[in-house]
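Chain by chain, the residues run as shown.
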Amino acid sequence: MLLCLSHLRWDFVFQRPQHLLTRAARTYAVVFFEEPIFHPGIAPRLDRRQTPEGVTVAVPLLPEGMPAGAAVAAQRQLLDELLAESAAASLIAWFYTPMALEFAGHLAPAVTVYDCMDELSAFRGAPPRMLTLEQELISRADLVFTGGRSLYEAKRNRHPRVSCFPSSIDTSHFAAARQGADDPADQAGIPHPRIGFFGVIDERMDAGLVGALAAARPDWSFVMIGPVVKIDPADLPRLPNVHWLGGRSYRSCRATSRAGTPASCPSR
């Protein structure tokens, strides 16, 4: 079994974890264990479903107001019950967040992988223990992957087997964007030339720079595709030539502009 412990939701955007685990599901039984969702007045339980790609998505459902220590203990129990159902001879633990060690640190997997796709400690609201738990995860890991060159340079001296594993493009998926499709309806009236961004729009985006560029070049259209999270949408620059179009499902991300630029959704 390949157990993925993730800070991301499977249905948020189809990006690095979904691409890799979809491929892994051709060979392994893959479980994608998400962070908990809290609801009022419920007993702790695990919500499970199977994706079309063959991945089991497991989401702990916990009662609102549950103390942090009790929430960690509940996640540990739900995870142990899930793993007890499996007859797998060995376990691969694939971590996207060091915080998962709080409830999964007692496991003894045959292989531990830390796929560091982002510097999570730099995110707004990162838990204070993030860096401590990351060091513990790195010390346990058999392999460490980094999602880009700067992450590789930051981690390369902290483990003997760190590989630079940058995210890339699903060529076969986006090749359809070069087949002369019509503009999506929400882009048909946007003038050319168009400058496109496809990805999650959060505190890492320099919104001031986007606004300054748009003001300096009113003849350019800035087409921004992706969900807005962890920031107030009202703080984004609102200019006639900046178009915030929201997120897109992965399957819908094949349309093109007349210039042939893929109107893709976030895939990092």
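Each chain has its residues counted from 1, running along the sequence as written. Only residues with pLDDT of 70 or above have their local features reported here, since the model is predicted, and side-chain atom pairs are shown and tallied only from 80 upward, although totals for entire chains, interfaces and linings are computed over all residues. For the side-chain quantities, the full set of heavy atoms in the structure was used; hydrogens and water were omitted.

Regarding the overall build of the protein chain
From N to C terminus, the protein chain includes 7 helices and 12 strands. Whereas a compact globule of 268 residues would reach a radius of gyration of roughly 18 Å, the protein chain reaches 21 Å, a difference of no more than 12%. On the principal axes, the C-alpha backbone points of the protein chain span a range of 60 × 45 × 35 Å. Only heavy atoms matter for contacts: two residues are in contact if any of them lie within 4.5 Å across the pair. For the protein chain, long-range pairs separated by at least 24 residues make up 64% of all intrachain contacts whose partners lie at least 6 apart in sequence. In short, Shrake-Rupley with a 1.4 Å probe defines the accessible areas, and a residue's cover is counted only from the protein chains shown. By element, 56% of the accessible surface of the protein chain is carried by carbon and sulfur atoms, the whole surface being about 13200 Å². For the charge count, each Lys or Arg is scored as positive and each Asp or Glu as negative, with His and the chain ends excluded. Taken as the charge location is NZ of Lys, CZ of Arg, CG of Asp or CD of Glu. When the 27 positive and 27 negative side-chain charges of the protein chain are each reduced to one mean point, those points stand 4 Å apart. Numbering of helices and strands runs from the N terminus, with a helix taken as a DSSP run of H or I at least four residues long and a strand as a DSSP run of E at least two residues long. Both definitions apply: the radius of gyration is a C-alpha atom measure, and the globule rule equals 2.2 Å times residues to the power 0.38.

Some points on helix H2 (residues 68–84)
The first and last C-alpha atoms of H2 sit 24 Å apart over 17 residues, in line with the 24 Å expected at 1.5 Å per residue. Summary of the burial criterion: residues with accessible area below 20% of their type's maximum are buried, those above 50% are exposed, and those between are partly exposed, where the area comes from a 1.4 Å probe applied to protein chains only. Of all the positions in H2, only Ala71, Val72, Ala74, Gln75, Leu78, Leu79, Leu82 and Leu83 are classed as buried. The buried side chains of H2 occupy one side of the element, clustering within an arc of 165° when seen end-on. Pointing more than 90 degrees away from the buried face of H2 are the exposed residues Gly69 and Ala84. Buried positions along H2 lie against strand E1 (2–5), strand E2 (30–33), strand E4 (45–50), strand E5 (56–63) and helix H3 (101–104). Expected span, for any helix, means 1.5 Å times one less than how many residues it has. Think of the arc as the fan of directions from the helix axis to the C-beta atoms.

Some details on the confidence of the model for the protein chain
Segments scoring low in pLDDT should not have their predicted coordinates read at a detailed level. Averaged over all residues, the pLDDT of the protein chain equals 89, while 92% of them reach at least 70. Counted against residues more than four places away or in other chains, residues 255–268, with its pLDDT under 50, gives 59 contacts. As a per-residue measure, pLDDT reflects the predictor's confidence and takes values from 0 up to 100.

Some points on the pairing of strand E6 (residues 92–95)
Burial along E6 is two-sided: Ile92 and Trp94 facing one way and Ala93 and Phe95 facing the other are all buried. Taken together, the 4 bridges between E1 and E6 define a ladder with parallel strand orientation. Bridging from a neighbouring strand, Leu3 pairs with Ala93 of E6. Pairing between strands is defined by DSSP: at least two bridges between the two strands are required.

Thoughts on the packing of aromatic side chains
Aromatic contacts are taken between Phe, Tyr and Trp rings whose centres are within 6.5 Å, Trp giving its six-membered ring; a plane angle under 30 degrees counts as stacked, one over 60 as edge-to-face, and the others as tilted. Across all of its chains, the model carries 6 aromatic pairs by this definition. Ring geometry for Trp94 versus Phe145: centroids 5.9 Å apart, planes at 40°, classification tilted. With a gap of 51 residues between them, Trp94 in strand E6 and Phe145 in strand E8 (residues 143–146) connect regions that are remote in the sequence. Residue classification places Trp94 among the buried positions, given a relative accessible area of 13%. Overall, the relative accessible area of 15% leaves Phe145 in the buried class. When the centroid spacing of 6.4 Å and the interplanar angle of 50° are considered together, the rings of Trp220 and Phe222 count as tilted. The rings of Trp10, Phe14 and Phe32 are connected pair by pair, giving a single aromatic cluster. Both a distance and an angle decide whether a charge sits over a ring: NZ of Lys or CZ of Arg must be within 6 Å of the ring centre and within 35 degrees of the ring normal. Positioned over the ring face of Phe165 is Arg16, at 4.7 Å from the centre of the ring.

What to know about the nonpolar core
Soluble globular proteins: nonpolar side chains tend toward being buried together. Residues enter a nonpolar core if they are buried and are Ala, Val, Leu, Ile, Met, Phe, Trp, Tyr or Cys, with the set joined through side-chain atoms within 4.5 Å. One finds Leu3, Leu5, Phe33, Leu79, Phe95, Phe103 and Tyr114 to be the most contacted residues of the largest nonpolar core, which totals 37 residues. The residues touching Leu5, leaving out its near neighbours within four places in the chain, are Phe33, Trp94, Phe95, Tyr96, Thr97, Ala100, Phe103 and Ala104. Residues Ala24, Val30, Val55 and Ile92 belong to the second largest nonpolar core, which totals 19 residues.

Observations regarding the pairing of E5
Counting buried residues in E5 gives 8 out of 8 residues, a clear majority hidden from the surface. Where burial is concerned, the two faces of E5 agree: the one with Thr56, Ala58, Pro60 and Leu62 and the one with Val57, Val59, Leu61 and Pro63 are both buried. Relative to E5, E2 runs parallel, the two being bridged by 3 bridges. Across the sheet, the residue bridging to Phe32 is Val57, located in E5. Relative to E5, strand E3 (residues 37–39) is paired through 3 bridges, and the arrangement is parallel. Bridging across to E5, Phe38 finds its partner in Leu62. Linking two consecutive strands that pair antiparallel, namely E4 and E5, is a turn of 5 residues; a positive phi of about 95° is found at Gly54 within it.

Description of the pattern of salt bridges
In what follows, salt bridge is the name for a side-chain nitrogen of Lys or Arg lying within 4 Å of a carboxyl oxygen of Asp or Glu. Enumeration over the complete set of coordinates arrives at 17 salt bridges. Among the salt bridges present, the one from Arg204 reaches Asp118, with a minimum N-O distance of 3.2 Å. Taken as a pair, Arg204 in the loop between strand E10 (194–198) and helix H7 (207–216) and Asp118 in the loop between strand E7 (111–116) and helix H4 (130–140) lie far apart in primary sequence, 86 residues in all. A relative accessible area of 12% means that Asp118 is categorised as buried.

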